[in-house]
Amino acid sequence: MSAVEDRIASLGMTLPAVVPPLASYQPAVQSGVYVYTSGQLPMVDGKLTVTGKVGAEVTPEEAKGLARTCALNALAAVKSVVGDLDRIKRVVKVVGFVASATDFTGQPAVINGASELLGEVLGEKGVHARSAVGVAVLPLDAPVEVEIQVELV
């Protein structure tokens, strides 16, 4: 197991298997020293545990936890391409989408779940640029979706 996976385990989590694509795309692709993930939903064992809009059916606190799951799934997608998460030099960019009730404006706090997870797991390598965007709806009625870009050593 890699040092990154050891850190994930020390936090009481397990790196999941990569989530199979739901349509015609790859979970992650490598181009040169970068790996780009597709948007990762908060799937656990192949299923969404929560659906709906944040600020309506889903609380911001629940959504923040779901963003953590998305980030863990994104790391699994990176591993599926490079084989070893210790090859991550740094997380360059995180983009988070939040399916939001019309009056919900707390998207940054929700996507903090993903950002904080990456920091806990990768330390300084997990510090990144980020966008947090509110949207009307996400695939499968997921509350949150996260994609990451990482640079490799």
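All figures in this text were calculated on a predicted structure; none of them were measured in a lab.

Draft legend 1. A look at the pairing of strand β7 (residues 144-152). For β7, the tally of buried residues reaches 8 of 9 residues, placing the bulk of the element in the interior. For strand β2 (residues 34-37) and β7, the ladder comprises 3 bridges, and the chain directions are antiparallel. Each bridged residue has a counterpart across the sheet, and for Y34 the counterpart in β7 is E151. Relative to β7, strand β5 (residues 88-99) runs antiparallel, the two being bridged by 9 bridges. From the neighbouring strand, V91 faces β7, where its bridge partner is V150.

Draft legend 2. Looking closely at the packing of helix α1 (residues 3-10) against helix α3 (residues 107-122). With their axes 8 Å apart at the nearest point, α1 and α3 run at an angle of 115° to one another. When α1 is examined against α3, the residues V4, R7 and I8 are found in contact with a partner set consisting of E120, V121 and L122. Grouping the amino acids of the contact of α1 with α3 by side-chain chemistry returns 4 nonpolar, no polar and 2 charged.

Draft legend 3. A look at the layout of surface pockets. Considered as a void within the structure, the largest pocket measures approximately 180 Å³ in volume. Looking at the largest pocket, the residues that line it are P16, A17, V18, V19, P20, M43, V44, D45, G46, T69, L72 and N73. For the lining of the largest pocket, the elements supplying multiple residues, two or more each, are β3 (43-44) and α2 (60-82). Looking at the lining of the largest pocket element by element, the count peaks at 3 residues for α2. Tallied by class, the residues present in the lining of the largest pocket amount to 8 nonpolar, 3 polar and 1 charged.

Draft legend 4. Up close: α3. The terminal C-alpha atoms of α3 lie 23 Å apart, and with 16 residues this matches the ideal 22 Å at 1.5 Å per residue to within 8%. At G113, α3 shows its largest kink, close to 30°. Within α3, burial applies to Q107, V110, I111, G113, A114, S115, L117, L118, V121 and L122. Each element contacted by the buried residues of α3 is listed here: α1, α2, β5, β6 (129-135) and β7.

Draft legend 5. Representation of the nonpolar core in the model. Within the largest apolar cluster, 39 residues are counted, with the highest numbers of intra-cluster contacts made by I8, L75, L118, V144 and I148. Here this core gets 12 residues from one element, more than from any other, and that element is α2. Filtering out sequence-adjacent residues up to four positions away, V144 remains in contact with Q40, L41, P42, A63, L66, A67, C70, F97, V110, I111 and L138.

Conventions used here
Residues numbered from 1 in each chain as written. Predicted model: local features only at pLDDT ≥ 70, side-chain atom pairs only at ≥ 80, totals over all residues. Heavy atoms only, no water. Buried < 20%, exposed > 50% of the residue type's maximum accessible area, 1.4 Å probe, protein only. Helix = DSSP H or I, 4+ residues; strand = E, 2+ residues; numbered from the N terminus. Pairing = 2+ DSSP bridges. Axes fitted to C-alpha atoms, helices over the stretch in contact; angles between N-to-C directions. Contact = heavy atoms within 4.5 Å. Nonpolar A, V, L, I, M, F, W, Y, C, P; charged D, E, K, R; others polar. 1 Å grid on protein atoms, 1.4 Å probe; cavity = no way out; pocket = protein on both sides within 12 Å on 5 of 7 lines; lining within 4 Å. Points joined across faces, edges and corners; volume = space filled by probe spheres on them. Expected span 1.5 Å × (residues − 1). Bend = angle between axes of the 7 residues up to and from the residue. Core = buried A, V, L, I, M, F, W, Y, C linked by side-chain atoms within 4.5 Å.

Any functional reading would require information that these geometric values do not contain.
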